[in-house]
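# Structure assessment
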Amino acid sequence: MSAPPRPVTPVGILAATLERVADGLAGVADVPDEVRDDLEHARALAGGLDPYLEQCTTPESPALARLAAATHEHDWSARDASAVFLEQEMLSGHVEGQTLKMLVAATRARKVLEIGLFTGYSALAMAEALPEGGRLLACELDAEVAARACRSFADSPAGGRITVEVGPAAQTLAALVTAGDQFDLVFVDADKAGYADYVATLLDGELLAPHGLICVDNTLMQGEPWTGTPGGNGKAIADFNDTVAADPRVEQVLLPLRDGLTLIRRAHVDQAA
Ligand SMILES: C[S@@+](CC[C@H](N)C(=O)[O-])C[C@H]1O[C@@H](n2cnc3c(N)ncnc32)[C@H](O)[C@@H]1O
């Protein structure tokens, strides 16, 4: 069994930080009681949020639970150093998976595109909400992890709705534009530096259906955009968020779910005022 996943969300990092502060103060004699009480309350607020969200969310399907367990058990550090970097923390998981599944159902999406498959958790969650005849196309750079995802899909009744395209997502998107393809919902969850181009292609190339929804993951990027913490992806996400906010063609909302999920749609759709 691998080590438990490390915190990779703002609230998870906050909870771990408060634990360390509490540990650091444990042996300090002259901390005022009010400060200890406030710290205890902050620990309970931050540390209890994710378990409470899990508790109040519809349970994942047995196939999703098996896929998540296999992803966490796998030793990702044993991969070739020259291969695409992958780690168990990339898996979106229960609450985000159910959110995406809910969005597919609520928007009545029939064609879904995913950019960044990994072991297939979010793809399978969304595929579970597709109607009869619905299809999901997933883009993944790494052939090995794509094959792993496909093995998991074979283990689920919804897995047959998923097609995987291995290669750089930019190439796959370009081919889809040429083919005149269109999608009702797109989940963007691959290389963060590519986000701006992916969304531009979805809009400019008309890959997004007129009433379509784009869901973009990790748009809080562990708090790096507003705390200034140096990190590889914080700048890319901060720039991406600014670009989306300045684009008059779209309206968007950044939901503080897990590591941030931004929902984007074309601004002209259904606007009476
Ligand atoms: C965060 S993981 C996706 C997690 C997945 N959506 C889930 O919920 O479990 C990102 C994935 O994007 C893939 N990726 C990175 N760069 C890519 C690219 N240029 N084209 C396609 N896939 C890419 C990685 O190999 C990785 O599997």
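Residues numbered from 1 in each chain as written. Predicted model: local features only at pLDDT ≥ 70, side-chain atom pairs only at ≥ 80, totals over all residues. Heavy atoms only, no water.

### Some details on unusual backbone geometry
What counts, and what does not: Helix and strand definitions follow DSSP, with helices as H or I runs of at least four residues and strands as E runs of at least two, each counted in order from the N terminus. Partly exposed residues are those whose accessible area sits between 20% and 50% of the maximum for their type, while under 20% is buried and over 50% is exposed, using a 1.4 Å probe and protein chains only.
A positive phi is found at N218, a non-glycine position, where the angle reads about 65°. Mapped onto the secondary structure, N218 falls in the loop between β5 (208-217) and α9 (224-227). N218 sits in the buried class, given a relative accessible area of 10%. The backbone of Q222 sits at a positive phi, close to 55°, despite the residue not being glycine.

### Some details on the pattern of salt bridges
Stated precisely, the cut-off is as follows: For this document, the term salt bridge refers to a Lys or Arg side-chain nitrogen within 4 Å of an Asp or Glu carboxyl oxygen.
This model, assessed by the stated rule, comprises 16 salt bridges. The residue R66 makes a salt bridge to D155 at a minimum N-O spacing of 2.7 Å. Taken together, the residues span a long stretch of sequence, with R66 in helix α3 (residues 62-73) and D155 in the loop between α6 (143-153) and β3 (162-166) at a distance of 89 residues. Judged by its relative accessible area of 37%, D155 is partly exposed. Here K192 makes a salt bridge to D189, at a shortest N to O gap of 3.4 Å. Assessed through its relative accessible area of 12%, K192 is described here as buried. Through salt bridges with shared partners, a single network forms among R6, E87 and E89.

### Remarks on the site of the ligand
Let me state the cut-off plainly: We define proximity as follows: a residue is near a molecule or strand when any one of its heavy atoms falls within 4 Å of that partner. Counted as a polar contact is a pair of N or O atoms within 3.5 Å, where, for protein atoms, one must be capable of donating a hydrogen and the other of accepting one, and residues adjacent in sequence contribute only when both atoms are in side chains. Each accessible area is a Shrake-Rupley estimate made with a 1.4 Å probe; only the visible protein chains count as cover when residues are assessed. Residue classes follow a fixed rule: Ala, Val, Leu, Ile, Met, Phe, Trp, Tyr, Cys and Pro count as nonpolar, while Asp, Glu, Lys and Arg count as charged, and any other residue, Gly among them, counts as polar.
Taken together, 21 residues lie around the ligand, and S92, G116, S122, E140 and D189 are the ones closest in. At 2.6 Å from an oxygen atom of the ligand is found a side-chain nitrogen or oxygen belonging to S92. Y198 places a side-chain nitrogen or oxygen 3.4 Å from a nitrogen atom of the ligand. Taken by itself the ligand offers 600 Å² of open surface, and the protein chains cover 93% of this. Residue composition of the shell around the ligand, grouped by class: 13 nonpolar, four polar and four charged.

### Describing the domain arrangement of the protein chain
Operational definition: Domain extents, as shown, originate in an automatic or database domain assignment. We call two residues in contact when some of their heavy atoms are within 4.5 Å. The buried area of a pairing is the accessible area, by a 1.4 Å probe, that goes missing from both parts when the two are put together, added over both.
Considered domain by domain, the protein chain is made up of domain 1 (10-56) and domain 2 (62-266). The gap between the C-alpha centroids of domain 1 and domain 2 is 32 Å. The interface of domain 1 with domain 2 comprises four residues on the first partner and eight residues on the second. Per-residue buried area on domain 1 facing domain 2 is highest for P10, I13 and E54; these three make up 84% of the total on that side. In this structure, the connection of domain 1 to domain 2 is made through zero salt bridges. For the interface between domain 1 and domain 2, the tally reads one residue pair in polar contact (both at pLDDT 80 or more).

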